[in-house]
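What follows is each chain in one-letter form.
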Amino acid sequence: MEILLKKFNTKFETAPFSQIKMDDYKPAFEENIKNAKAEIDAIVNNPETPTFKNTLEALDFAGNPLDRLSSIFFNLNSAETSDEMQKIAQEVSPLLTEFSNDITLNEDLFKRIKAIHNQKESLNLTTEQQTLVDKKYKGFVRNGALLNDEQKSKLREIDTQLAKLKLTYGENVLSETNNYQLHITNESDLKGLPEGVIEAAKSEAENRKLEGWVFTLDYPSYIPFLTYADHRELRKEFAIAAGKKAFQNNEFDNQENVKNIVRLRHERANLLGYASHAHFVLEERMAQNPDKVISFLNDLLEKAKPAAEREFAELSAFAKGLDGIDQLEKWDGAYYSEKLKQKLFNLDDEKLKPYFKLANVLNGAFTIAGKLYGLKFIEVFDIEKYHNDVTTYEVKDENNELVAVFYADFFPRKGKRNGAWMTSYKSQSIRNGKNDRPHISNVCNFTPPTATKPSLLTFNEVTTLFHEFGHGLHGMLANTVYPSLSGTSVYWDFVELPSQIFENWCYEPEALALFAKHYETGEIIPQEYVEKIKESASFQEGMATMRQISFGLLDMTYHGKPQTIENVKAFEEKAFENTKLYPDVAENCMSTSFSHIFQGGYSSGYYSYKWAEVLDADAFAYFQEKGIFDKEVATKFKENVLSKGGTEHPMTLYKKFRGQEPKPEALLKRAGLI
Ligand SMILES: [Zn+2]
């Protein structure tokens, strides 16, 4: 266990995976929490008057061994877990929550921070230091530090109620999802479905000890059925079942929960001094306030709507021509879109995959990062890894100085969760003049190699690799003093800019020529394919954009101002008024299963999907103006965005890079909407 309590004595202080035993974790957490608490106590009990250095700086660097332990443990719990590890996670998570509550509810600590916050103008602080003061101060205030005792207990009461309601909301959605099955016994009802989908439905039926095939409301079962099944009546039945989750006036109904969550969030915001829940949330977002979000969405809607209506008419005509459909319904959309897409592009993954050998794609990302930011990636074999599949790199700059350590872990295996993500094993910071460089990791679940073929990626996997690598660059190039402001520690609606912008290079012939080479012949991907990739990427973008906008507007309608909701369905219908394409389905309601905003963390944040796209398109347009490998633009991006973390307001950083606020035109152009 000793090894987990202090600095690692390894190359670049990398994590010594092989020396950590499963039994070490829990006692190490306990010991590190104890030590971190002692560090906090020492700050609070310091007899000297509070200064930036003895309070905020000390606080930000406190608990370093605990942070490293947490990152190693929870990173591995995602990438290489076991039953034993999950059990430990269950045990240590409450300890960590309690520790973080001990800090945010520590009144004496708050007094010291407040004293500094009150005089911050006269302290000669750097911009980064001011940001740190504001961030820490706000962290306490947003948790109720300025409230009197009665208000504080009211706040705790609301929080408890909200936590319960959100839990119930989620449980209801889950129950309703699990309580439905589409059971098919007649083989001809499966017409149109791909082989793999049918097999999965067959084994689902076997699991349930049923004849035939079973489809469920889980996405991997539901989406393919709606996309491929020829049987229109069954698509209808299935779609309606999906749309009435937790809206059936039974014990799992969420209508009252929606009303109560909205009401309590509003009360909570008022108690803390905010006009609405959205005002509370958006205070710590690039978008800043509900007015800005609503005008952002409406502005985009105005531009996207004509395209969406045009696409809807085109799709309707296509369905009419193909199957004599008079009115396109919600259960027809995915089905005819897929058919139309096949007709227009006829671009399948098997044709593209030979051009995207994983090793080539990764080298492509490295080469592009080299051209833009002067980075070199050198594979090394003297850094420990937690699994044989992982490859490790030293990342160096033009002067051969270490920039970061990079771990790449690309193939699925038991013990790795689904999806793709970037994370760090060590954050960057500068202490006593020493710049401590970060350890960054990308974890994905790509098509593995076979006995006869190397790993060949679908185009979707290619953009995923670039996306996560873009987050990775945000971590690797971090150059801030304080760890809590470093790398990806930025506002939530800003964090996807570095990742999404990097995806843009995957569509540029000049960039593709660097890495999209046939794995057997070495031939560069044909121009015709590149064109098709681009065109199919913006297929039906108008409708997709309008759909995202409709969810964003619904979210803001619930949370942007006080609301009395008589009837959830009617309320929702009104919010969707300007964004409708398909006829309404009376027995369906979105709000009763909109887990993103009522259960998860997306309340007042749904707009950020589109926001991030506007940012990345606008930022990439600047590269396109000057050349996609232009050193000057790249340096501006590195110096004002990638290296700056959360040290300044993102709008300030963005304007320093771009010279102006982001505009939606580049996105609309890229999406083929103008
Ligand atoms: Zn991302």
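Read on for an overview of the structure. Keep in mind that this is a model prediction, so the values were computed, not measured.

Conventions and cut-offs
- Residues numbered from 1 in each chain as written.
- Predicted model: local features only at pLDDT ≥ 70, side-chain atom pairs only at ≥ 80, totals over all residues.
- Heavy atoms only, no water.
- Salt bridge = Lys/Arg side-chain N within 4 Å of Asp/Glu carboxyl O.
- Helix = DSSP H or I, 4+ residues; strand = E, 2+ residues; numbered from the N terminus.
- Buried < 20%, exposed > 50% of the residue type's maximum accessible area, 1.4 Å probe, protein only.
- Axes fitted to C-alpha atoms, helices over the stretch in contact; angles between N-to-C directions.
- Parallel < 35°, antiparallel > 145°, perpendicular 65-115°, else oblique.
- Contact = heavy atoms within 4.5 Å.
- Nonpolar A, V, L, I, M, F, W, Y, C, P; charged D, E, K, R; others polar.
- Donors = N, O, S within 2.8 Å, 3.2 Å for Na, K, Ca; no water.
- Tetrahedral: all angles 85-135°; square planar, octahedral: opposite > 155°, others 65-115°.
- 1 Å grid on protein atoms, 1.4 Å probe; cavity = no way out; pocket = protein on both sides within 12 Å on 5 of 7 lines; lining within 4 Å.
- Points joined across faces, edges and corners; volume = space filled by probe spheres on them.
- Pairing = 2+ DSSP bridges.
- Core = buried A, V, L, I, M, F, W, Y, C linked by side-chain atoms within 4.5 Å.
- Phe/Tyr/Trp six-rings, centres within 6.5 Å; stacked < 30°, edge-to-face > 60°.

1. Concerning the pattern of salt bridges
- Tallying each qualifying case throughout the model produces 43 salt bridges.
- Its salt-bridge partner being Glu31, residue Lys34 comes within 3.7 Å of it at the nearest N-O pair. Of the two residues, Lys34 and Glu31 are both situated in helix H1 (residues 25-44); the distance of three residues between them amounts to about one turn of the helix.
- Of the residues examined, Lys34 reaches a relative accessible area of 52% and is grouped as exposed.
- With a shortest N-O distance of 3.6 Å, Glu661 and Lys292 are connected by a salt bridge.

2. Quick look at the packing of helix H24 (residues 608-626) against helix H25 (residues 631-642)
- Running from N to C, H24 and H25 cross one another at 155 degrees; their axes reach a closest spacing of 9 Å. The pairing of H24 with H25 is recorded here as roughly antiparallel in orientation. Together, Tyr622, Phe623 and Lys626 of H24 and Val633, Ala634, Lys636 and Phe637 of H25 make up the contact between the two elements.
- Here the residues of the contact of H24 with H25 sort into five nonpolar, no polar and two charged.

3. Description of the environment of Leu193
- With respect to the secondary-structure elements, Leu193 resides in the loop between strand S1 (182-184) and helix H8 (195-207).
- Between the C-alpha atom of Leu193 and that of His117, which follows or precedes it by 76 residues, the distance is 62 Å.
- Residues contacting Leu193, with those up to four places away along its chain left out, are Ile198, Phe215, Pro224, Phe225, Tyr228 and Ala229.

4. Here's the deal with the coordination of the zinc ion
- Within the protein, the atoms that donate to the zinc ion are His467 (NE2), His471 (NE2), Glu496 (OE) and Glu496 (OE), at distances of 2.1 to 2.8 Å.
- With four donor atoms in place around the zinc ion and angles of 51 to 139 degrees between them, the coordination shape is irregular.

5. Focus: the environment of Glu30
- Mapped onto the secondary structure, Glu30 falls in helix H1.
- The spacing of Glu30 and Leu66 is 36 residues in sequence and 9.3 Å in space, taken between C-alpha atoms.

6. Side note on the layout of surface pockets
- Space inside the second largest pocket adds up to approximately 1700 Å³.
- Elements that contribute at least two residues to the lining of the second largest pocket include exactly H1, helix H2 (52-61), helix H3 (64-79), helix H4 (83-104), helix H6 (127-141), strand S6 (421-426), strand S7 (429-431) and strand S8 (434-436).
- With nine residues, the top contributor of residues to the lining of the second largest pocket is H3.

7. A short note on the pairing of S6
- Burial analysis of S6 places five of its six residues in the buried class, which makes it a mostly covered element.
- Two elements, S6 and strand S9 (residues 439-443), share five bridges in a ladder whose sense is antiparallel. Across the sheet, residue Lys426 finds its bridge partner in S9, namely His439.

8. Describing the nonpolar core
- Judged by nonpolar contacts, the single largest core of 106 residues is most densely connected at Phe356, Phe466 and Trp505.
- With twelve residues, helix H13 (residues 290-323) is the largest single contributor of residues to this core.
- Grouped together as the second largest cluster of nonpolar side chains are 54 residues, Phe8, Tyr25, Ile103 and Tyr425 included.

9. Focus: the packing of aromatic side chains
- One pass over the full model with this rule turns up 56 aromatic pairs.
- Seen from their ring centres, Tyr180 and Phe238 are 6.0 Å apart, and the 25 degrees between their planes marks the pair as stacked. Linking Tyr180 in the loop between helix H7 (149-178) and S1 with Phe238 in helix H10 (residues 232-243), this pair joins segments that are 58 residues apart in sequence. Here the two residues Tyr180 and Phe238 agree in accessibility, since each one is buried.
- On the numbers, 6.1 Å between centres and 80 degrees between planes, the contact of Phe377 with Phe406 is edge-to-face. On the criterion of sequence distance, the pair formed by Phe377 in strand S3 (residues 376-380) and Phe406 in strand S5 (residues 402-409) is long-range, its members being 29 residues apart.
- Looking at Phe377, the relative accessible area reads 14%, which means it is buried.

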